[in-house]
Amino acid sequence: MTAATPPATVTVTVDGTEVSVPPGTLAVEAARVAGVDVPVFCYHPKLSLAGACRMCMCEIGMASPPGQPPRPPGLMTACTTRVSNGMTINTMAPGALKAREGVIEFLLINHPLDCPVCDAGGECPLQDNSHAWGPKESRFTEQKRLARKGAALSPLVVLDQERCITCYRCTRFMDEIPGEAELAFFTRGYTSQLRTINEEPMKSRFQGNIIDLCPCGALTSETYRFKARPHDLDHADSVCGQCPVGCNVMIDTRSNQVARVRPRQNDAVNEIWVCDKGRFAHHYSSSPNRLSGPWVRGEDGLHPSTWRQAYQEAARRLGAVKSAYGGAAIGVIGGRNLTNEDAFALARFAAEVLETPHVDFRVGAQSAVVNPLAPFGLDAFNTGLDAAEKAGAIVVVGADVHDEVPVQWLRIRKGVKAGARLIVANPRATEADRLAFHRLRHRPGTELALLTGILAALVESPPVDAEGVARDLSGLAEAIGGVTVEKAAAHAGVDSVTIRAVAATLASSKDPIVYVGARLAIRHDAGAIGLAVGNLGRALGHPARVNFLVEGANGRGAEWAGLIPGDGGLPAGEIVARAASGEIKALYIVGENLLETHPDAAQAREALERADVVVVHELFPTLTAQAAHVVFAATGVMEKDGTLTSVEGRLQRVWQAVRPDADRAPDWRILSDLAAAMGAGLGYVASADVTRDLLADLPAYAPQQGVLPGSAGVLVRRVHDASAGSVDVRAVPAIEPGQAGEGLVLVTYPEIVGNETVVGETPELLVTVPEAYVEVNRDDASRLGISDGASVEVRGPAGTVTRVARVNGRVPIGTVFAPENLGTPRINAVLRWSHDVTYVTVQPVPVAALAGAR
Amino acid sequence: MALSQAARQRIVNEFIPRYPSKRAALMPSLWLAQDEAGWLAPEAFEEIGELLDLHATDVASVASFYVMFHRRPIGQTLIEVCENPSCYLAGSDATFQAICKRLGLHAGHDGHGMQTTADGKYSVRPTECLAACDYAPVVQVDLRFHGPVREGDVDAFLADPSRFSIEGKPSVSMVHGPQATPVEGWEANAPPPVATA
């Protein structure tokens with residue numbers, strides 16, 4: 001017998017309907033193709049197969065070989081049976097119906113049937129399937145099993161063990177999707193209990209997804225518990241406004257208040273997942289601490305005022321600066337969390353009304369280079385988010401993908417599980433290291449050297465194509481000058497063997513993807529890093545698979561809307577620095593708490609105090625708002641109609657979920673009204689006007705031809721300058737010597753959930769935020785006499801903060817890490833913006849000081 | 001540390017290479033850890049998890065599936081009385097209650113809960129079928145079978161369990177109740193009566 005090539009499709013009959021499906025399709029999916037829904041509990045298309053619940057029993061018959069008598073069909077689980085040619089799937093056979101009825105009767109024996117007090121009531125697969133397939137009566141008259149009810153698995157997720165039908169969806173999710181198997185069934189059979197080890201609260205930042213997956217109300221949300229009935233809720237399709245991934249969400253509201261946020265399926269973006277910050281941190285929207293109405297600074301501080309007064313005051317003060325010093329004396333910062341409409345209105349306001357080139361959404365930016373890949377005719381981000389699952393290799397440089405683009409981390413994990421080799425370069429061990437094929441622990445600030453080293457290693461042994469011909473990389477050799485692998489490795493503090501191994505892995509991988517951290521795109525050497533990254537893509541034969549991440553929920557949208565330095569414009573960090581030195585006289589800050597986010601708190605404070613006028617749009621009375629002359633109360637993303645553009649350049653719509661208070665206005669309206677008060681006009685009265693204008697005016701959205709996408713969004717591909725694309729390689733500047741200093745090098749970036757204002761309004765989430773810490777290597781700690789958990793002082797060039805020491809091996813010797821978004825004051829209190837590398841000292845808090853504090 | 005250095009080495013050098021996946025080495029690792037300490041402390045789960053790249057919860061969950069893994073400290077000697085039909089019909093319930101009474105333990109039948117004497121010498125619990133019905137009622141002492149141990153034998157049994165060991169003892173035919181007469185030759189092999197204190 002010769003092995004026949006497998007057919008492209010197999011034909012099966014589902015309840016009399018013939019359908020053709022790919023070989024290997026599950027019977028339950030084949031039935032779906034035929035328009036038949038087989039009831040399931042444990043089966044989930046995004047999870048591995050369990051075959052645990054037996055709900056999907058169908059009578060399935062296999063075709064007999066020619067000449068053989070027909071085989072009798074049998075009861076099989078449709079969720080674990082793969083189709084074969086000629087298979088018949090009878091979902092409504094009397095035997096199947098009887099089996100399902102039996103399964104439901106068994107499941108309901110121990111289920112408490114407390115649907116009237118269960119959050120899942122009304123949207124519960126167990127309820128629906130019992131209604132559709134279950135017996136009318138139970139024959140069980142004994143005592144039901146008693147188990148834990150209302151038990152907290154964490155501050156966010158509540159377990160009702162009595163309701164659980166042990167489908168293993170939650171444990172499979174935790175094990176397979178985020179890879180944090182911190183939840184499991186203990187003991188077995190009828191005593192099975194969902195638990196964590198030692199009853200420790202779950203720590204995963206993706207745990208909220210198990211609430212959606214649970215088919216029976218065993219897992220419910222602490223923040224939504226007993227808040228509403230599904231039929232009471234209004235729904236709005238929206239996009240999460242917490243990070244640049246742009247997860248599609250549905251916002252459920254009751255009485256004009258957000259009751260919960262759930263992920264909405266979009267397989268190109270977030271599949272069906274959302275992180276806990278996106279899911280739970282929504283209470284800020286209805287917080288009583290929100291700003292209401294405008295505030296104007298009088299002689300004795302900020303006072304509430306009317307909108308008219310506030311516009312007049314802002315117009316007067318801004319006008320005075322503009323007429324005395326010109327528009328270039330005004331700096332505009334912020335907008336990375338606004339909608340495209342707001343960002344576009346702000347860009348127009350800056351250019352047409354304030355007439356300043358100093359506009360930047362990239363807080364702390366040192367470089368005016370906005371898109372480091374522009375010399376290659378590329379966007380900053382060129383590979384669709386979903387491409388990560390089919391990549392052969394994934395390189396992550398200078399980013400903690402778990403914390404900065406959480407749901408994309410799930411996609412990267414999926415890619416790695418499918419065979420991609422993950423290469424992680426970060427000065428500190430990140431979650432991604434757990435799956436990494438190569439880990440590079442370079443010295444902070446030496447990413448350019450590291451990338452150049454990889455290029456040098458590629459020049460040494462170039463990728464070889466299918467015919468065995470090596471790529472000609474002589475141009476690249478010239479571009480990197482005389483930099484050798486050894487020189488680059490020594491500079492970056494990495495082993496040259498590892499760099500060569502990374503290059504070899506990349507050279508032999510199909511479809512590699514490179515992700516570079518957002519903070520490298522705003523650093524002074526962003527342009528050089530862009531050249532190195534672009535060259536890397538070209539050397540590997542995949543020029544358009546290189547990507548820079550961005551900060552802010554709508555950073556990419558802000559970039560494309562034009563919130564970037566104009567001709568001669570300064571980057572955001574420089575704007576603050578010039579304001580602190582008195583060169584810039586006015587600051588217009590939109591949705592940005594500079595005192596916490598500018599990487600030099602003292603300088604930001606100086607800038608705000610020194611400026612003649614500071615105008616702020618804010619949701620909350622942040623420290624920055626309190627330092628302003630005029631504050632406008634703005635609406636949040638859930639209170640607006642508009643669009644957002646995700647990190648990959650996907651234009652997505654948000655529909656208004658909550659009607660805003662009359663005393664708050666969308667940013668575009670504030671800008672339009674203020675422009676009118678300044679004698680100019682943006683001419684906007686409705687959000688749709690701004691949308692129409694930005695689609696028509698911005699080159700980025702030209703392919704849309706003025707049409708807004710539907711709920712799934714659309715990946716906008718920008719039109720590039722074709723001539724720029726012809727450049728093969730670009731010279732990479734020689735590696736600069738790093739700034740020498742004494743002490744430990746401080747690395748800082750945000751954690752996924754910090755004690756930010758929006759998180760602070762969700763106490764259940766806030767309690768999961770760790771105490772502000774500084775991570776110190778074990779060897780450094782023993783040298784400095786620091787024990788794990790001790791209070792330490794972190795002293796930097798600009799100041800000192802107190803932190804709790806975490807002594808471990810995640811940071812190498814000589815490096816410490818402190819998250820940007822934890823603690824009061826923030827770690828930016830020790831930073832100097834002008835320093836590329838910050839050296840700090842860490843020492844135990846003197847005992848006397850501790851005693852004094854008590 | 002819950003695991004000795006030798007145990008760690010054995011897991012890494014012997015168990016892990018034996019299987020296609022690290023997770024497959026979990027059962028022998030758990031046995032090894034329990035052999036060393038007598039029970040499995042939470043730290044053992046952490047340490048085994050670290051060696052096998054598993055979450056400690058996963059390790060603890062697997063251990064919890066099997067009643068022969070102890071997640072709490074147990075007495076020096078573990079006595080398990082079969083409560084399945086053959087042994088039950090042969091009077092195992094009375095044996096169980098007598099053992100409990102003799103050791104000063106609560107004689108009630110509370111599911112699979114294990115009871116341990118205050119001095120830490122004995123732990124007692126009922127168990128499922130031990131597949132030695134021909135010696136019913138069977139009592140397992142530290143994983144070794146003993147039987148038949150009838151209610152009246154309990155004092156002698158506790159004084160010297162080895163006399164009831166089935167090792168070297170001919171198989172008996174199925175008995176039908178505590179009064180059934182053993183086969184011929186049984187008496188000869190029976191342990192001599194032991195004076196109780």
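As the structure is a prediction and not an experimental result, all values here were calculated from the model. All residue numbers here refer to positions counted from 1 along the written sequence of the relevant chain. Each chain takes a letter, starting from A, and each ligand takes a number, starting from 1, following the order in which they are written. Restriction of local features to residues with pLDDT of at least 70 applies here, the model being predicted, together with a cutoff of 80 or more for giving and counting side-chain atom pairs; totals for whole chains, interfaces and linings are based on all residues. Side-chain figures throughout are based on the complete set of non-hydrogen atoms in the structure, without hydrogens or water.

Quick look at the interface of chain A and chain B now. The contact rule is simple, with two residues in contact once any of their heavy atoms fall within 4.5 Å. Contact with chain A, which involves 13 residues of that partner, is made by 13 residues of chain B. Joining two parts hides part of their accessible area as seen by a 1.4 Å probe, and the buried area is that hidden amount summed over both. Interface area, chain A with chain B, both sides summed: about 1,000 Å², of which 59% is carbon and sulfur. By the criterion of area lost to chain B, the three top residues of chain A are Phe186(A), Arg188(A) and Ile197(A), representing 49% of everything that side buries. Salt bridges are counted wherever a side-chain nitrogen of Lys or Arg sits within 4 Å of a carboxyl oxygen of Asp or Glu. Connecting chain A to chain B are 0 salt bridges. Helix and strand labels come from DSSP, where a helix needs a run of H or I of at least four residues and a strand needs a run of E of at least two; each type is numbered from the N terminus. Examining the composition of the side of chain A that touches chain B, we find that 3 residues originate from one element, strand S8 (residues 184-186) of chain A, more than from any other. Amino acids outside the nonpolar list (Ala, Val, Leu, Ile, Met, Phe, Trp, Tyr, Cys, Pro) and the charged list (Asp, Glu, Lys, Arg) are all regarded as polar, and Gly is one of them. A per-class count over the side of chain A that touches chain B returns 6 nonpolar, 3 polar and 4 charged.

All right, on to the pairing of strand S34 (residues 838-844) of chain A then. All names here are of chain A. Pairing of strand S29 (residues 744-747) with S34, which is carried by 3 bridges, proceeds in the antiparallel orientation. Each bridged residue has a counterpart across the sheet, and for Leu744 the counterpart in S34 is Val840. For two strands to be treated as a pair, DSSP must find no fewer than two bridges joining them. Here strand S31 (residues 791-795) runs beside S34; their pairing, made up of 4 bridges, is antiparallel. Note that in S34 the partner of Glu793 across the bridge is Gln843.

Our focus in this paragraph is the packing of aromatic side chains. Pairs were defined over the aromatic rings of Phe, Tyr and Trp, the Trp ring being its six-membered one, requiring ring centres within 6.5 Å. Orientation was assigned from the angle between planes: stacked under 30 degrees, edge-to-face over 60, tilted for the rest. Tallying each qualifying case throughout the model produces 14 aromatic pairs over all chains. Between the aromatic rings of Phe173(A) and Trp273(A), the centroid separation amounts to 4.9 Å while the plane-to-plane angle is 55°, which identifies the pairing as tilted. In this pair, Phe173(A) sits in helix H4 (residues 169-176) while Trp273(A) sits in the loop between strand S13 (257-263) and helix H6 (276-280), placing the two residues 100 residues apart along the sequence. Both residues of the pair, Phe173(A) and Trp273(A), belong to the buried class. Taken together, the aromatic side chains of Trp31(B), Phe65(B), Tyr66(B) and Phe69(B) make up a single cluster linked through ring pairs. The aromatic ring of Phe65(B) is capped on one face by Arg188(A), whose charged end is 5.4 Å from the ring centroid. Burial here depends on accessible area, computed with a 1.4 Å probe over protein chains only, as a share of the maximum for the residue type. Under 20% is buried, over 50% is exposed, and the range in between is partly exposed. We call a charge positioned over a ring when the NZ of a Lys or the CZ of an Arg lies within 6 Å of the ring centre and within 35 degrees of the ring normal.

A word on the domain arrangement of chain A. Domain boundaries shown here were taken from an automatic or database domain assignment. According to the domain assignment, chain A contains domain 1 (10-92), domain 2 (108-286), domain 3 (296-363 + 554-715), domain 4 (374-548) and domain 5 (744-853). Summarising the inter-unit geometry, the C-alpha centres of domain 1 of chain A and domain 4 of chain A are found 44 Å apart.

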